[in-house]
Amino acid sequence: MSIEVRNLYKAFGKTVVCDHLDLDIPSGELVALLGPSGSGKTSLLRIIAGLERPDAGTVHFHGEDATEADVRDRKVGFVFQHYALFNHMTIFENVAFGLRVRPKATRPSDEQIRKKVTELLELVQLDWIADRYPHQLSGGQRQRIALARALAVEPKVLLLDEPFGALDAKVRKELRRWLRRLHDEVHLTSVFVTHDQDEAMEVADRIVVMNHGRIEQQGTPDEVYDHPATPFVLQFLGDVNLFHGRFGHAPGGTAAGAEVSYVRPHELDIVGQPEEGALPVTLSQTLTVGPNTRIEFKRQDDGCYVDVEMPRAEFATLREQLQLAPGSVAYLKPRRVTRFEAEAA
Ligand SMILES: Nc1ncnc2c1ncn2[C@@H]1O[C@H](COP(=O)(O)OP(=O)(O)OP(=O)(O)O)[C@@H](O)[C@H]1O
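Values in this document were obtained by computation on a predicted structure and should not be read as measured data. The numbers attached to residues start from 1 for each chain and follow its sequence in the written order. With pLDDT at 70 or above as the cut-off, local features in this predicted model cover only qualifying residues; side-chain atom pairs require 80 or more to be listed or tallied, and sums for whole chains, interfaces and linings still use all residues.

Student: I'd like to hear about the nonpolar core, residue by residue, with values.
Tutor: Joining buried Ala, Val, Leu, Ile, Met, Phe, Trp, Tyr and Cys residues through C-beta atoms within 7 Å gives a set, and that set is a nonpolar core. To sort residues by exposure, count the other C-beta atoms lying within 10 Å of each residue's C-beta; 20 or more gives buried, 12 or fewer gives exposed, and values between give partly exposed, all with C-beta atoms placed from the backbone. By size, the foremost hydrophobic cluster in this structure holds 81 residues, and its most contacted members are Ala32, Leu33, Val95, Leu159 and Val208. Under the DSSP-based scheme used, a helix requires at least four consecutive residues in state H or I and a strand at least two consecutive residues in state E, with every element numbered from the N terminus. Broken down by element, the residue count for this core peaks at seven residues, all from helix H4 (residues 139-152). Here the bounds of each domain stem from an automatic or database domain assignment. Residue-level mapping places this core at the junction of two domains, with at least three residues from each of domain 1 (3-236) and domain 2 (241-341). Contact partners of Val208, with chain neighbours within four places excluded, come to Leu23, Val31, Ala32, Leu33, Leu34, Ile215 and Gln218. Contact between two residues is assigned whenever their backbone-derived C-beta positions fall within 7 Å.

Quick look at the structure:
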């Protein structure tokens, strides 16, 4: 089921959380609402869910106006950050719950419920813990059960609010991949809220970047990363070095002064000799984390720091070749520069 949001407006007192938003979510897509804390992601999700009323604007589900529809009639499934499983019920009964509380006329038989719950537990690969209780499960397992429970009532839309937010980094990573695979099997229109750009990039078909209640940009992960529409999107999606004016030129020139140049740390080459367009710098320190080394340089013109990142083996070779150590002089050449007008930055 597709979702169409039109001219949506919502404010809490003076805080505008949805500032005349338009958004189209095609049927079957997995969309991430990505933005910093307070940008309005959760409010938008709650309005789509029917848990919150907009002040103005509409939400359509597959062309039908659902703005005034009750949350129960919207056929949405929810998964929240804090898994709200019933502790006194087995995992099986937790997943079966939504089916068992249906009115008699639409309630499936015990046999149908058994079949459905078993299928869902297999889908989330936890059929072997059906008889356990929530406290006997890990956080990651509980979130998978929360997802199975949301899917049990066959929602037309799945809404997830920071579903992995309470889990540690390793489990989070596993569950991202797992959610992606699950979505490829089920193809349910899904919207998930996250403030983690890696999570959005890895999981979503499309990313909607939000800031101050507005949509800054939407597109595939590659589109928003490679062609950021605004300095905010560029900076939110990963580390970046900022240079006033044209890269490699001192700020203050007429045309150059009106621009800001951005270069990501992994898009800078280190060379040993001065070259046209290369920035003279002094090595300050290096830091190796996992497979990459981050090298911090100080610009010779204005003393600002510039970060470069590269695979650790590559840096080890380069360090040998150029005899790099703290205090060494080197030159930085960008492989790619993104420029915005200074006012936009
Ligand atoms: N019920 C409410 N009453 C008053 N203010 C609210 C309410 N809900 C949200 N807000 C405010 O609206 C702003 C946007 O909140 P929202 O939860 O939508 O942002 P978010 O992008 O999801 O942020 P986070 O990642 O921190 O949850 C925040 O400043 C928040 O304090």
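Student: Before we move on, could you go through the sheet that holds strand E2 (residues 15-25) and cite the residues and values that matter?
Tutor: Pairing between strands requires that DSSP locate at least two bridges from one strand to the other. Spatially, E2-E1-E4-E5 is the arrangement adopted by the four strands of the open sheet, whose pairing is antiparallel. Unpaired on one side and paired on the other, E2 and strand E5 (64-65) mark the two borders of the sheet. With two bridges connecting them, strand E4 (residues 56-61) and E5 associate as antiparallel partners. Residue Phe61 lies in a different strand from E5, and its bridge partner there is Glu64. Lines are fitted to the C-alpha atoms to define the axes, a helix being fitted only along its stretch in contact, and any angle between axes, read from their N-to-C directions, falls within 0 to 180 degrees. Its contacts with the sheet place helix H1 (residues 41-49) against strand E1 (3-12), E2 and E4, and it is angled at close to 60 degrees to E2.

Student: A description of the sheet that holds strand E9 (residues 206-211) should follow, citing residues and the corresponding values.
Tutor: Strand order in the open sheet formed by six strands is E6-E7-E8-E3-E9-E10, and the pairing between neighbours is mixed. One side of each edge strand has no neighbouring strand; the edge strands of this open sheet are strand E6 (76-79) and strand E10 (214-219). Strand-to-strand twist in this sheet, taken as the mean axis angle between neighbours without regard to direction, amounts to 20 degrees. Packing against the sheet, H4 makes contact with E6 and strand E7 (157-161), and its axis sits at approximately 170 degrees to E6.

Student: Which residues make up the site of the ligand, and what values do they have?
Tutor: Any residue whose C-beta atom, as placed from the backbone, lies within 6 Å of a molecule or strand is termed near it. The immediate surroundings of the ligand are formed by Phe12, Thr15, Val17, Gly35, Ser37, Gly38, Ser39, Gly40, Lys41, Thr42, Ser43 and His195. Elements supplying a minimum of two residues to the shell around the ligand: E2 and H1. Here the shell around the ligand takes three residues from H1, the largest share from any one element.

Student: Please give an account of the pairing of strand E11 (residues 241-244) that cites residues and values.
Tutor: Side-chain alternation along E11 places Asn241 and Phe243 on a buried face and Leu242 and His244 on a face that remains uncovered. Note: E11 against strand E12 (residues 259-263), four bridges, orientation antiparallel. In the sheet register, Asn241 faces E12, and the bridge partner there is Val263.

Student: How would you explain the domain arrangement of the protein if you had to name every residue and give the values?
Tutor: According to the domain assignment, the protein contains domain 1 (3-236) and domain 2 (241-341). On a C-alpha basis, the centroid separation for the pair domain 1 and domain 2 is 40 Å.

Student: Which residues make up the packing of H4 against helix H5 (residues 169-186), and what values go with them?
Tutor: In the contact formed by H4 and H5, the axes pass within 10 Å of each other and the chain directions differ by 30 degrees. Taken together, the axis directions place H4 and H5 in an arrangement best described as roughly parallel. When you trace H4 past H5, the crossing you get is right-handed. Two secondary-structure elements touch here, H4 through Gly139, Gly140 and Gln143 and H5 through Val171, Glu174 and Leu175. A class-by-class count of the residues in the contact of H4 with H5 yields two nonpolar, three polar and one charged. Any angle that is under 35 degrees is reported as roughly parallel, and any over 145 degrees as roughly antiparallel; angles of 65 to 115 degrees are reported as roughly perpendicular and all others as oblique. Handedness of a helix crossing follows the sense of rotation of the near helix relative to the far helix, less than a right angle counterclockwise being left-handed and clockwise being right-handed. Residues are grouped as follows: Ala, Val, Leu, Ile, Met, Phe, Trp, Tyr, Cys and Pro are nonpolar; Asp, Glu, Lys and Arg are charged; every other residue, Gly included, is polar.

Student: Could you give an account of the pairing of E4, naming the residues involved and the relevant values?
Tutor: Judged from the five bridges that link them, E1 and E4 form a sheet pairing that is antiparallel. Bridge assignment links Ile3 to a residue of E4, and that residue is Phe61. Joining the antiparallel neighbours E4 and E5 is a turn of two residues, in which His62 adopts a positive phi near 50 degrees.

Student: Mind laying out the confidence of the model for the protein, listing which residues take part and the relevant values?
Tutor: Confidence scores labelled pLDDT are given residue by residue by the predictor and lie between 0 and 100. Per-residue pLDDT for the protein averages 90, and the proportion of residues at 70 or more is 96%. Both scores are given for the predicted complex: the pTM is 0.88, the ipTM 0.92.

Student: Please give an account of the packing of helix H3 (residues 110-123) against H4 that cites residues and values.
Tutor: Two quantities define a packed helix pair, namely the angle between the axes and the distance from one axis to the other. Following both chains from N to C, one finds H3 and H4 inclined at 140 degrees, their axes separated by 9 Å at the closest point. Considering their axes alone, H3 and H4 lie oblique with respect to each other. As H3 packs across H4, the resulting crossing turns out to be right-handed. Together, Lys116, Val117, Leu120, Leu121 and Leu123 of H3 and Ala148, Leu151 and Ala152 of H4 make up the contact between the two elements.

Student: Account for the environment of Arg335, with residues named and values stated.
Tutor: Among the secondary structure elements, Arg335 is positioned in the loop between strand E17 (329-334) and strand E18 (338-341). It is 7.1 Å that separates the C-alpha atoms of Arg335 and Asp269, two residues lying 66 residues apart in sequence. Contact partners of Arg335, with chain neighbours within four places excluded, come to Glu267 and Asp269.

Student: Go over H1 with me, naming the residues and quoting the values.
Tutor: A large share of H1 lies buried, amounting to seven of its nine residues. Taken as a whole, H1 has its buried residues at Lys41, Thr42, Ser43, Leu44, Leu45, Ile47 and Ile48. Backbone geometry just downstream of H1 places Gly50 in the positive-phi region, at approximately 95 degrees.

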